[in-house]
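# Structural description and commentary
Residue-level listing of the chains:
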Amino acid sequence: MNTENASEWGSRRHIHVLELMAATALGIYLCYRMALPFVPALTWALALAILFMPVHRWLESTVKHATLAASVSVLVIGLIVVVPATFVGQRLVSEAVTGAETISAKVESGEWQRVLDAHPRVAPLAQWIERQIDLPGTISTIATWLTNATASFVRGSVIQAVGVLLTFYLLFYFLRDRRAVLLLLRSLSPLSEAEMDRLFSRVGDTVYATMYGTLAVAAVQGTLGGLMFWWLGLPAPLLWGLVMGVLAVVPVLGAFIVWIPAALFLALDGNWGKALILALWGGVLVGGIDNLMYPILVGNRLKLHTIPAFMAIVGGLIVFGPSGLILGPVTLTVTVLLLEIWRSRGRPALPPQGHAPDVVGDFEG
């Protein structure tokens, strides 16, 4: 029996199978290497396609021409996304340099220490900070890094512009040819049609929840925090609003990491009214907007627990860069779904318990 198995594995047929497997693995690896530079553009194009699919479906039903509808959709999405981002980017560059210089000047002049020394209860804090770290040197280093990073951002604007153009180029085909792409994925996938429906549904829910439930809410929190900084006359409100928005994206962290120290500094500086306004604004409105907006925007769609959400977002950012904000949660969701499919295939089939909602329309229209 063993001799028969050995001779069977050494047959021409099995050698051809092994050669085909090796060639397929090599082809997949080479395709992966070639697609790697395009992963960010593909990710954001897919996310934009899912988010704006209702608008595009309406345009398709109105225009009755797939290419024209996709072109109009890309133009509208570009105006919505690119124009505000360009304006904010220009202002951010200016505020980053100015804010870095202002903070560096205040620390080097010793103003922060005089403010703390004026309050006997917190004066030991200033002495401890002075003993532990070279705060002026540290702030100067951070300010220099921020200035250099801003200069690098300006120098890299051409590359970023190319990336944006590539994203919208791919977005056009995602919108126009989405049905053909989905049919191709179904034909190549080893999963059944019902399992592919579940996969498309989960991916759509994840992207939707991440973009609306995470990015949109974080953008609102950053905007509210930046507006209050501007109204109170604090330096670089756009910069600190962006920082609060970025921190709000990451679970466990939040905008409070910025506005709490700012409120404390205002209080120590004698501006108790401004400190109280900032604390109330940050604690009630900025901090509470998440609980108000998330159920409205996301509804019953996917919501990960804090720990896996933290690992997916932070791990995705580390592995994939900025596009990991989408790819991290999507990767986790797809992996969990595949594990569920393996588990269900290992169990006896159960009678159907009702018709599952069809949300694949987010992709297919």
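Since the structure is predicted, the reported quantities are computational estimates derived from the model, not experimental observations.

## Brief notes about the overall build of the protein chain
When you go through the protein chain residue by residue, the secondary structure sums to 17 helices and zero strands. In the protein chain, the share of contacts with a sequence separation of at least 24, taken over all contacts with a separation of at least 6, comes to 73%. Carbon and sulfur atoms make up 70% of the accessible area of the protein chain, which amounts to about 22400 Å² in all.

## Some points on the packing of helix α11 (residues 193–231) against helix α16 (residues 324–345)
Helices that pack against each other are described as a pair by the angle of their axes relative to one another and the distance between those axes. Look at α11 against α16: their axes get within 9 Å of each other, and the N-to-C directions meet at 150°. In terms of axis orientation, α11 runs roughly antiparallel to α16. Of the two elements, α11 crosses α16, and the hand of that crossing is right-handed. Contacts between α11 and α16 involve E195, R198, L199, R202, V203, T206, V207, T210, M211 and L215 from the first element and L325, I326, P329, V330, T333, V334, L337, E340, I341 and R345 from the second.

## Topic: the nonpolar core
Core analysis: the biggest nonpolar cluster contains 29 residues, and L171, L175 and V207 have the highest contact counts within it. Mapped onto this core, the elements with two or more residues apiece are α3 (39–51), α5 (66–108), α9 (157–176), α11 and α16. Ranked by residues supplied to this core, first place goes to α3 with seven residues. Setting aside residues no more than four positions away along its own chain, L171 makes contact with A45, L48, A49, V74 and I77.

## Some thoughts on a nonpolar patch on the surface
Together, L26, Y29, L30, Y32, M34 and L36 make up a nonpolar patch on the protein surface, roughly 620 Å² of accessible area in all. Tracing the sequence through the fold places L26 in helix α2 (residues 12–35).

## Digging into the packing of α3 against α11
Taken N-terminus to C-terminus, the directions of α3 and α11 make an angle of 90°; their axes are 10 Å apart at the nearest point. The angle between α3 and α11 falls in the class roughly perpendicular. Residues W44, A47, I50 and L51 of α3 lie in contact with α11, whose contacting residues are G204, V207, Y208, M211, Y212 and L215. Residue classes in the contact of α3 with α11 are distributed as nine nonpolar, one polar and no charged.

## Some thoughts on the packing of aromatic side chains
If you walk through the whole model with that rule in mind, you get two aromatic pairs. Taken together, the aromatic side chains of Y169, F172 and Y173 make up a single cluster linked through ring pairs.

## Examining unusual backbone geometry
Glycine aside, a negative phi is what most residues show, and trans is what most peptide bonds show. The phi dihedral of K64 falls on the positive side, at around 65°, and the residue is not glycine. You can see K64 is positioned in the loop between α4 (53–63) and α5. Its relative accessible area of 67% is what places K64 among the exposed residues.

## So, the pattern of salt bridges
Summed over all chains, the structure comprises five salt bridges. Note that R198 and E340 form a salt bridge whose closest N and O atoms lie 3.1 Å from each other. Taken together, the residues span a long stretch of sequence, with R198 in helix α11 and E340 in helix α16 at a distance of 142 residues. The shortest N-O distance in the salt bridge between R202 and E340 comes to 2.9 Å. Placement of the pair is R202 in helix α11 and E340 in helix α16, with a sequence separation of 138 residues. For R202, a relative accessible area of 28% gives the class partly exposed. Bridged by salt links that share partners, the residues R198, R202 and E340 form one connected network.

## Comments concerning the confidence of the model for the protein chain
Mean pLDDT over the protein chain: 76, with 69% of residues reaching 70 or higher. Summarising per-element confidence for the protein chain, the mean pLDDT is lowest in helix α17 (residues 361–364) (52) and highest in α3 (88). Low pLDDT, under 50, characterises residues 352–360; the predicted model gives this stretch four contacts beyond four residues in sequence or across chains.

## Points about the environment of V76
With respect to the helices, strands and loops of the structure, V76 is situated in helix α5. Each C-alpha atom of the pair V76 and H56 lies 9.9 Å from the other, and the pair is 20 residues apart in sequence.

## What about helix α12 (residues 237–249)?
Taking 1.5 Å of rise per residue, the 13 residues of α12 would be expected to cover 18 Å, and the 18 Å separating its terminal C-alpha atoms lies within 8% of that figure. Of the residues making up α12, those classed as buried are P237, L239, G241, M244, G245, L247, A248 and V249.

## Structural notes on the side chain of T333
Here T333 shows up in helix α16. Given the relative accessible area of 5%, T333 is considered buried. A polar atom in the side chain of T333 sits 2.8 Å from the backbone oxygen of P329.

Quick notes on the rules
Residues numbered from 1 in each chain as written. Predicted model: local features only at pLDDT ≥ 70, side-chain atom pairs only at ≥ 80, totals over all residues. Heavy atoms only, no water. Helix = DSSP H or I, 4+ residues; strand = E, 2+ residues; numbered from the N terminus. Contact = heavy atoms within 4.5 Å. Areas by Shrake-Rupley, 256 points an atom, 1.4 Å probe, with all protein chains shown as cover. Axes fitted to C-alpha atoms, helices over the stretch in contact; angles between N-to-C directions. Parallel < 35°, antiparallel > 145°, perpendicular 65-115°, else oblique. Left-handed = near helix turned anticlockwise from the far one by under 90°. Core = buried A, V, L, I, M, F, W, Y, C linked by side-chain atoms within 4.5 Å. Buried < 20%, exposed > 50% of the residue type's maximum accessible area, 1.4 Å probe, protein only. Patch = residues over 30% accessible without salt bridge, like charges linked within 9 Å, V, L, I, M, F, W, Y side chains within 5 Å. Salt bridge = Lys/Arg side-chain N within 4 Å of Asp/Glu carboxyl O. Nonpolar A, V, L, I, M, F, W, Y, C, P; charged D, E, K, R; others polar. Phe/Tyr/Trp six-rings, centres within 6.5 Å; stacked < 30°, edge-to-face > 60°. pLDDT = per-residue confidence, 0-100. Expected span 1.5 Å × (residues − 1). Polar contact = N/O pair within 3.5 Å; in protein donor to acceptor, adjacent residues only side chain to side chain.

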